[in-house]
Amino acid sequence: MNKPTKPARRTPKAADPAPKKKQPRTAQVAGPQPGFPIMHNITERKQAEKELRNSEERFRRVFDDGPLGMAVTNKQYHFVQVNAMFCQMLGYTEQELIKLTFKDITHPDDMGDSIKKVHELEKGNISVYKTEKRYITKNKDIIWGSLTLSMILDKDEEFQFYLVMIEDITERKRVEQALAESEIKFRWLYEYAPSAYHLLTPDGTLMDVNRRWCDLLGYRREEVLGKAIFDF
């Protein structure tokens, strides 16, 4: 009898190697990596902002509370901002003035020169326009003002606004006119007086003589002025 045949032994297969895990690809990012705070020194910027605020505050106080009439106008010469003194000088309210231009308050006899000088300012021929001129108030009174007009530019040298500053010099002009009229009267009385008069310097030099003085001594005025009184 044949012996049963033993089944052949199978040689186990070598286990397949475990698949390698793919490593995630890391993007290379320039600059600081996450988790590291970025710090910038902004001290200078903050200081500049503080100085700007202080400058704007000083301008606002000078504009609002200063003794001069002040206004801001655009390039078409319309008032866009005026202070209390400006309103007081001209007798208008702020709301009324911002509907007007400088032409509406300038005396007609001063208009031509004003426009000419503003154009020179616009062209850069002059840096500031200063003059004494007449203004017309809301009540049609005439006042005198000492004007300073500047053109304010931004950092790119572009137009921002005109800054107007006016000092009321009406009283000074009134006194000057009164003195001039008094001088005319005095001169007339001196010149045509029935008596001989002369004006002398402290050392006795003739400064002036009137007509009667010349008639009495037989000289022309130009012959004696600058000479000593003791020579006559």
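Everything numeric in this text was worked out from a predicted model, so none of it was measured. (Residues numbered from 1 in each chain as written. Predicted model: local features only at pLDDT ≥ 70, side-chain atom pairs only at ≥ 80, totals over all residues. Heavy atoms only, no water.)

(A) Representation of unusual backbone geometry within the structure. Phi angles above zero are rare outside glycine, and Tyr77 is one such case at about 70°. By the secondary structure assignment, Tyr77 is in the loop between strand S1 (69–73) and strand S2 (79–82). Exposure remark for Tyr77: the relative accessible area of 14% places this residue in the buried category. Residues other than glycine seldom take positive phi values, yet Glu157 does so here, at roughly 65°. Among the structural elements, Glu157 can be located in the loop between strand S4 (142–153) and strand S5 (159–168). By relative accessible area, Glu157 is classed as exposed at 59%. (Helix = DSSP H or I, 4+ residues; strand = E, 2+ residues; numbered from the N terminus. Buried < 20%, exposed > 50% of the residue type's maximum accessible area, 1.4 Å probe, protein only.)

(B) View of the pairing of S1. Most of S1 is tucked away, with five of its five residues classed as buried. Side chains of S1 alternate between two faces, with Gly69, Ala71 and Thr73 and Met70 and Val72 buried alike. Here S1 runs beside S5; their pairing, made up of five bridges, is antiparallel. Note that in S5 the partner of Val72 across the bridge is Leu163. (Pairing = 2+ DSSP bridges.)

(C) View of the nonpolar core. Of all hydrophobic cores here, the largest spans 23 residues; its most connected members are Phe79, Phe86, Leu90, Leu97, Ile105 and Leu149. When residues of this core are traced back to their parent elements, those giving at least two are S2, helix H2 (84–90), helix H4 (108–123), strand S3 (128–136), S4 and S5. Sorting elements by how many residues they give to this core places H2 first, with four residues. Not counting chain neighbours up to four residues away, the residues in contact with Leu97 comprise Phe79, Val82, Phe86, Cys87, Leu90 and Tyr92. Counting six residues, the second-largest nonpolar core is a separate cluster that includes Leu206, Cys214, Val224 and Ile229. (Core = buried A, V, L, I, M, F, W, Y, C linked by side-chain atoms within 4.5 Å. Contact = heavy atoms within 4.5 Å.)

(D) Quick peek at the pattern of salt bridges. Within this structure, the stated rule accounts for 15 salt bridges. Among the ionic pairs, Lys138 bridges to Glu96, the shortest N-O distance being 2.8 Å. Of this pair, Lys138 sits in the loop between S3 and S4 while Glu96 sits in helix H3 (residues 94–97), placing them 42 residues apart in sequence. Taking relative accessible area as the criterion, Lys138 reaches 37% and is therefore assigned partly exposed. Residue Glu96 is classed as partly exposed on the basis of its relative accessible area, which comes to 28%. Put simply, Arg172 and Glu176 hold a salt bridge, and the shortest N to O gap is 3.2 Å. Of the two residues, Arg172 and Glu176 both sit in helix H5 (residues 170–191), four residues apart, roughly one turn of that helix. Using a relative accessible area of 37% as the deciding quantity, one classes Arg172 as partly exposed. Residue Glu176 is classed as partly exposed on the basis of its relative accessible area of 37%. In the salt-bridge network here, residues are joined through shared partners; they are Arg187, Glu191, Asp208, Arg211 and Arg221. (Salt bridge = Lys/Arg side-chain N within 4 Å of Asp/Glu carboxyl O.)

(E) Representation of the sheet that holds S3 in the model. Ordered in space as S2-S1-S5-S4-S3, the five strands form an open sheet in which the pairing is antiparallel. In the strand order of this sheet, the two ends are held by S2 and S3, each with one partner. In this sheet, neighbouring strand axes are inclined to one another by 30° on average, regardless of whether the strands run parallel or antiparallel. Here nine bridges tie S4 to S5, and the two strands are oriented antiparallel to one another. Residue Leu153 lies in a different strand from S5, and its bridge partner there is Phe159. The strands that H5 touches are S3, S4 and S5; relative to S4, the one it contacts most, it runs at about 130°. (Axes fitted to C-alpha atoms, helices over the stretch in contact; angles between N-to-C directions.)

Function cannot be read off these values alone, since they describe shape.
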